[in-house]
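One-letter residues, chain by chain:
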Amino acid sequence: MPTSLLQAPLVMIGGGHAHLVALRQWIARGQRAPAGSLLINAQPYAWYSGMLPGLLAGRFTAAQCSIELAPLAAACGLTLICDELLALDASSQAILLASGKRLGFARLSLNTGALPAIDFKTDGSLPLVGAKPFPGIVQQVQQWQTWQTQPPAQLAILGGGAAGVELALALRMSLPQTQLSLFCRSGLLANHPPRLAPLARTRLSKAAVKLHENLPIERISDTQLYAAGRAVAQPDAVVLATGAAAAGWQPGSGLLCDEQGFIRINEQLQSCSHAAIFATGDCASLPNTPRAGVYAVRQGPVLAHNLLAATGSGTLQRYQPQPRALALLACGDGSALLSYGALATQGRLAGKLKDWLDLRFMREHRLPAHGD
Ligand SMILES: Cc1cc2nc3c(=O)[nH]c(=O)nc-3n(C[C@H](O)[C@H](O)[C@H](O)COP(=O)(O)OP(=O)(O)OC[C@H]3O[C@@H](n4cnc5c(N)ncnc54)[C@H](O)[C@@H]3O)c2cc1C
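Cut-offs applied
Residues numbered from 1 in each chain as written. Predicted model: local features only at pLDDT ≥ 70, side-chain atom pairs only at ≥ 80, totals over all residues. Heavy atoms only, no water. Helix = DSSP H or I, 4+ residues; strand = E, 2+ residues; numbered from the N terminus. Rg over C-alpha atoms; globule rule 2.2 N^0.38 Å. Contact = heavy atoms within 4.5 Å. Areas by Shrake-Rupley, 256 points an atom, 1.4 Å probe, with all protein chains shown as cover. Lys, Arg positive; Asp, Glu negative; His and termini not counted. Charge placed at Lys NZ, Arg CZ, Asp CG, Glu CD. Domains from an automatic or database assignment. Buried area = accessible area lost by both parts, 1.4 Å probe. Polar contact = N/O pair within 3.5 Å; in protein donor to acceptor, adjacent residues only side chain to side chain. Nonpolar A, V, L, I, M, F, W, Y, C, P; charged D, E, K, R; others polar. Phe/Tyr/Trp six-rings, centres within 6.5 Å; stacked < 30°, edge-to-face > 60°. Lys NZ or Arg CZ within 6 Å of the ring centre and 35° of its normal. Expected span 1.5 Å × (residues − 1). Buried < 20%, exposed > 50% of the residue type's maximum accessible area, 1.4 Å probe, protein only. Arc of directions from axis to C-beta. Near = heavy atom within 4 Å. Salt bridge = Lys/Arg side-chain N within 4 Å of Asp/Glu carboxyl O. Disulfide = S-S within 2.5 Å. Pairing = 2+ DSSP bridges. Axes fitted to C-alpha atoms, helices over the stretch in contact; angles between N-to-C directions.

1. What about the overall build of the protein chain?
At step 1: Looking only at helices and strands, the protein chain features eight helices and 25 strands.
At step 2: In terms of C-alpha radius of gyration, the protein chain reaches 21 Å, essentially the compact-globule figure of 21 Å for 372 residues.
At step 3: Seen along its three principal axes, the alpha-carbon backbone of the protein chain occupies a region of about 60 × 45 × 40 Å.
At step 4: Sequence separation of 24 or more characterises 66% of the internal contacts of the protein chain that already satisfy a separation of 6 or more.
At step 5: Entry remark: accessible area of the protein chain is about 16500 Å², with carbon and sulfur atoms responsible for 52%.
At step 6: Here the protein chain contributes 29 positive and 20 negative side-chain charges, whose respective centroids are spaced 7 Å apart.

Below is the structure:
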């Protein structure tokens, strides 16, 4: 990458959960980023993933599930740029944005999330709708609901984790006429306590979602899904809730990445190869740290401290992942499935707890837009 035109002391890329928490913490403590610092995000809003299933189920509006970034950024001295990172050259500390801008940085913080994994071949005969980025799936479902594009008679959802279950139950509410199938590579909710899967199976069955466990999709060919060498479904579209894949720019950035292309970080949330670059949330790779919003949120306060400490002479803090996290899976009707450690339960009370936690997060991290 040629010499950068503009040098920023700190560039934060991605309006992910960790950055939201870090910005809010700086505001609460009256701290500011060094003058000339930038926040770069693909859109002017950050979406809160915990509420996306509720949005798709018609329980929340888009405004309730998103946070305007400009007021947050301005309150701690950052300028928001709506643009997309295309390439990073870690050694020369330079980035290239989709607009063609090239920038240099003294410190960089990456919280750009991940993309849905596509581990099957496709001939392109079926539309694929990723669960991420969120604006894409929100727009697609709205188009189906309002008949701007014909809603699918049959929809296949790939992914037997929490996101797959939540999306299947949410789409049942928004697309009542559509036949829904959920395909799981292994068993349903295999990474959760064993007691949760039977509860989820019952919910899916009541919602008329056809469940296929231990059936990894190998390819899409001529509008058919193939698994174990045979055609298993012929949907009109496919929703991907298949787990996380690293963004294409990560492996070529010069940063040390794991075998899947995620950025290896240390306990101080710094790149293991380039100490001036921090990474948090789903784009990063740290032992014992699953890719979930709750982990990214807990990284936020440590990141807030370390980004400022790294620009001065302060001591960096260490992030310790919590040994277990509360999981609340929205069922689309206001109730939820709950798991914590070996405990698993479900019901309206769990749904109320989920709504309370999600809405509290939104209240705590939203600032009124300029002029509101
Ligand atoms: C349907 C669904 C429901 C979920 N529910 C939960 C839940 O209830 N609890 C939970 O813990 N986890 C949940 N998750 C997982 C959760 O979404 C992720 O783990 C979490 O969003 C990761 O947050 P993050 O901070 O890494 O970044 P993200 O929240 O993914 O945010 C990344 C941001 O970076 C921006 N960005 C990305 N690439 C670029 C680029 N190149 N240039 C500029 N900006 C960029 C994006 O626009 C976005 O604003 C859910 C996931 C899905 C799909």
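2. Quick word on the domain arrangement of the protein chain
At step 1: Along its sequence, the protein chain is carved into domain 1 (6-114 + 246-323) and domain 2 (116-244).
At step 2: A straight line from the C-alpha centre of domain 1 to that of domain 2 covers 29 Å.
At step 3: Taken together, the contact pairs 13 residues of domain 1 with 14 residues of domain 2.
At step 4: Of the roughly 1200 Å² buried between domain 1 and domain 2, counting both surfaces, carbon and sulfur atoms make up 77%.
At step 5: Summed over the shared surface of domain 1 and domain 2, the number is one residue pair in polar contact (both at pLDDT 80 or more).
At step 6: Broken down by element, the side of domain 1 that touches domain 2 gets its largest block of residues, four residues, from helix H2 (residues 52-56).
At step 7: Of the residues that constitute the side of domain 1 that touches domain 2, the class distribution is nine nonpolar, two polar and two charged.

3. Comments concerning the packing of aromatic side chains
At step 1: All chains considered together, the criterion is met by one aromatic pair.
At step 2: An angle of 10° between the planes, with centres 4.6 Å apart, marks the rings of Tyr48 and Phe361 as stacked. Note that Tyr48 is positioned in the loop between strand S3 (45-47) and H2 and Phe361 in helix H8 (residues 348-365), a separation of 313 residues in sequence.
At step 3: Above the ring of Tyr226, the side-chain terminus of Arg219 is found at 3.9 Å from the ring centroid.
At step 4: The ring of Phe262 has Arg291 sitting right over it, with the charged end atom 3.5 Å from the ring centre.

4. Concerning helix H4 (residues 134-145)
At step 1: Look at H4: 17 Å from first C-alpha to last across twelve residues, which is about the 16 Å you get at 1.5 Å a residue.
At step 2: Those residues of H4 that fall on the buried side of the exposure criterion are Phe134, Ile137, Val138, Gln140, Val141 and Trp144. Down the axis of H4, the buried set is contained in an arc of 165°. They therefore lie on one face.
At step 3: Positioned one or two residues after H4, Trp147 has a phi angle of 60°, which is positive.

5. Some details on the environment of Thr223
At step 1: You can see Thr223 is positioned in the loop between strand S15 (219-221) and strand S16 (224-227).
At step 2: Along the primary structure Thr223 and Pro127 are separated by 96 residues, whereas in three dimensions their C-alpha atoms are 9.2 Å apart.
At step 3: Excluding anything up to four places from it in sequence, Thr223 contacts Ser125, Leu126, Ala233, Gln234 and Pro235.
At step 4: Polar side-chain contacts of Thr223 include one of 2.8 Å to the side chain of Gln234.

6. Thoughts on the site of the ligand
At step 1: In the neighbourhood of the ligand, 33 residues make up the surrounding shell, with His17, Leu85, Lys132, Asp282 and Gly293 lying closest.
At step 2: The side chain of Ser49 places a nitrogen or oxygen atom 3.0 Å from an oxygen atom of the ligand.
At step 3: Taking Asp282, its main chain carries an N or O atom lying 2.7 Å from an oxygen atom of the ligand.
At step 4: Broken down by secondary-structure element, the contributors of at least two residues to the shell around the ligand are helix H1 (17-28), helix H5 (162-174) and helix H7 (293-311).
At step 5: Looking at side-chain class alone, the shell around the ligand contains 13 nonpolar, 13 polar and seven charged residues.
At step 6: Mapped onto the domain boundaries, the shell around the ligand takes at least three residues apiece from domain 1 (6-114 + 246-323) and domain 2 (116-244).

7. Things to note about the pattern of salt bridges
When their charged atoms lie close together, side chains carrying opposite charge are able to pair.
At step 1: Taken as a whole and assessed by the stated rule, the structure comprises eight salt bridges.
At step 2: With a closest N to O distance of 2.7 Å, Arg185 and Asp119 form a salt bridge. Of the two residues, Arg185 sits in the loop between strand S13 (179-183) and helix H6 (196-206) while Asp119 sits in the loop between strand S9 (115-116) and strand S10 (121-122), which places them 66 residues apart along the sequence.
At step 3: Residue Asp119 is classed as partly exposed on the basis of its relative accessible area of 46%.
At step 4: Asp333 serves as the salt-bridge partner of Arg203, at 3.1 Å between the closest nitrogen and oxygen. With Arg203 in helix H6 and Asp333 in the loop between strand S23 (327-330) and strand S24 (336-340), the pair connects residues that are 130 residues apart, well separated along the chain.
At step 5: The exposure class assigned to Asp333 is partly exposed, which follows from its relative accessible area of 30%.
At step 6: One salt-bridge network, in which partners are shared between bridges, spans Arg203, Asp333 and Arg348.

8. Brief notes about the state of the cysteines
At step 1: Under the criterion given, the structure shown has zero disulfides.
At step 2: We note that Cys65 lacks a disulfide partner, and the nearest cysteine sulfur, in Cys331, lies 17 Å from it.
At step 3: Just so you know, Cys257 is unpaired, no disulfide at all, and the nearest cysteine sulfur is the one on Cys283, 9.5 Å from it.
At step 4: Cys257 sits in the buried class, given a relative accessible area of 19%.

9. Some thoughts on the sheet that holds S13
At step 1: Ordered in space as S11-S18-S12-S13-S14, the five strands form an open sheet in which the pairing is parallel. Each edge of the open sheet carries a strand with a single partner, namely strand S11 (128-130) and strand S14 (209-212). For this sheet, the mean inter-axis angle between neighbouring strands, taken without regard to orientation, is 25°.
At step 2: Both strand S12 (residues 154-158) and strand S18 (residues 237-240) contribute to a ladder of four bridges, which runs parallel. Across the sheet, the residue bridging to Leu158 is Leu240, located in S18.
At step 3: Packed on one face of the sheet, H4 meets S11, S12 and S18 and runs near 125° to S11.
At step 4: Packing against the sheet, H5 makes contact with S12, S13, S14 and S18, and its axis sits at approximately 180° to S13.

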